[in-house]
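Residues per chain are reported as follows:
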Amino acid sequence: MTALKATTGRVALVTGAARGIGLSIARRFAADGVVVAIADLNEDFGRKAAAEISASGGKAHFIRADLSVTGGAARMVGDVVALAGRIDVLINNARAGNRRALLDESEENWDVALDVGLKAAFFAAQAAIPEMAKLGGGCIVNIASVAATLATHESPAYHVSKAGLLQLTRYLAVAAGPQQVRVNCVMPGFIVQEDHRPRFESAANEAYRKTAEFYQPMGQIGAEADVAELVSFLCSSSAHYISGACLPLDGGASIQEQFGLLMRWPGTGGAKQGP
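Summary of the structure given here. (Residues numbered from 1 in each chain as written. Predicted model: local features only at pLDDT ≥ 70, side-chain atom pairs only at ≥ 80, totals over all residues. Heavy atoms only, no water.)

A word on empty space enclosed by the protein. Following the criterion strictly, the structure yields two cavities of 30 Å³ or more and no others. Computed from the structure, the largest cavity encloses a volume of approximately 80 Å³. Along its surface, the largest cavity is lined by 14 residues, and R95, A96, A113, Y158 and S161 are the ones closest to its centre. Taken together, the elements giving at least two residues each to the lining of the largest cavity come down to α4 (107-134) and α5 (156-175). Considering only residue class, the lining of the largest cavity consists of five nonpolar, six polar and three charged. Here the second largest cavity is characterised by a volume of approximately 70 Å³. Lining the second largest cavity are 14 residues, with T15, N92, A94, V116 and A121 positioned closest to its centre. For the lining of the second largest cavity, the element with the highest residue contribution is α4, accounting for five residues. (1 Å grid on protein atoms, 1.4 Å probe; cavity = no way out; pocket = protein on both sides within 12 Å on 5 of 7 lines; lining within 4 Å. Points joined across faces, edges and corners; volume = space filled by probe spheres on them. Helix = DSSP H or I, 4+ residues; strand = E, 2+ residues; numbered from the N terminus. Nonpolar A, V, L, I, M, F, W, Y, C, P; charged D, E, K, R; others polar.)

Pasting the structure below:
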């Protein structure tokens, strides 16, 4: 393997970074001069993502990682250290499994969702923290969801895996603090991924889009780049005293009082929107 050198001296490992939010985070780090290790099970999309970042002037390398198997997370971290000589940042973004309703959930789906979305996050951190300590410290960010604290009628395994990330974040922030490793968590709300934006903005989807926008206090829908910007900040020197934080990124949607929201619904005769 050819060693990679970051212009900033930093190396970031982003799991589940072949597409979506993970790729957006990888792009943001690369723009900051950080060498990015794109870890994913999808080799085709992963190599394409790394090539795209490299073609744009960044430095990225794809690492195939199966986080559903025993030892997969630790091997992934070892591969990054072997390739780049260090690891400064770990972003636990990967998830797996299907979103199923209560009576449709299966043990197989539950296991893969928890193995990839929660267990692997811990064992990746366990492997990365000693390497970060050698450098004088580092940063870990877990990508959870507002679904960690809110419930819907679907996807029990997804909800539980994301909720687990909140407590894992708090535990690691305390346990890894003496090694100067900061650990935080981002909880995205309604985020339209770029692959889905054409469908979201289509005329056929207008009713759904307007309902989604109504639910947002600012009338805005989040984007992948919003997550990437917050993650970049949390891993920067500007956030040097932030650790153990679990930050919602949803434009304030999850803190609304639901009856008040209902009263604003068009046609209910309730209070008008806005001040």
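A word on the sheet that holds strand β6 (residues 181-188). The parallel open sheet is built from seven strands, whose spatial order is β3-β2-β1-β4-β5-β6-β9. Only two strands of the sheet have a single neighbouring strand rather than two, namely β3 (60-64) and β9 (246-249). Each strand of the sheet is rotated relative to its neighbour by a mean of 20°, with strand direction disregarded. With five bridges connecting them, strand β1 (residues 11-15) and strand β2 (residues 35-40) associate as parallel partners. Bridge pairing in β2 places V14 opposite I38. α5 rests against β5 (138-143), β6 and β9 of the sheet, and its axis sits at about 160° to β6. Relative to β6, helix α8 (residues 224-234) is tilted by about 165°, and along the sheet it contacts β4 (89-92), β5, β6 and β9. (Pairing = 2+ DSSP bridges. Axes fitted to C-alpha atoms, helices over the stretch in contact; angles between N-to-C directions. Contact = heavy atoms within 4.5 Å.)

Another point: the state of the cysteines. Summed over the entire model, instances satisfying the criterion amount to zero disulfides. The structure places no disulfide on C246, whose sulfur is separated from the nearest cysteine sulfur, that of C185, by 4.5 Å. (Disulfide = S-S within 2.5 Å.)

As a further point, take the pairing of β3. Sheet analysis places β2 next to β3, joined by five bridges and oriented parallel. Looking at β3, one finds that I38 is bridged to F62. In this fold, β2 hands off to helix α2 (residues 43-55), which returns the chain to β3; that crossover is right-handed. (Right-handed = clockwise from strand over helix to strand, strands pointing away.)

Attention now goes to the pattern of salt bridges. Under the criterion given, the structure shown has nine salt bridges. With its nearest N and O atoms 3.7 Å apart, the salt bridge here joins D115 to K119. With a gap of four residues between them, D115 and K119 both fall in helix α4, about one helical turn apart. In this structure, the salt-bridge partner of K134 is E131, at a minimum N-O distance of 3.4 Å. Of this pair, K134 and E131 both sit in helix α4, three residues apart, roughly one helical turn. A residue is classified by how much of its surface remains accessible, and E131, at 22% relative accessible area, is partly exposed. Via salt bridges that share partners, R28, D32 and E229 belong to a single interconnected network. (Salt bridge = Lys/Arg side-chain N within 4 Å of Asp/Glu carboxyl O. Buried < 20%, exposed > 50% of the residue type's maximum accessible area, 1.4 Å probe, protein only.)

By themselves these figures say nothing about function.
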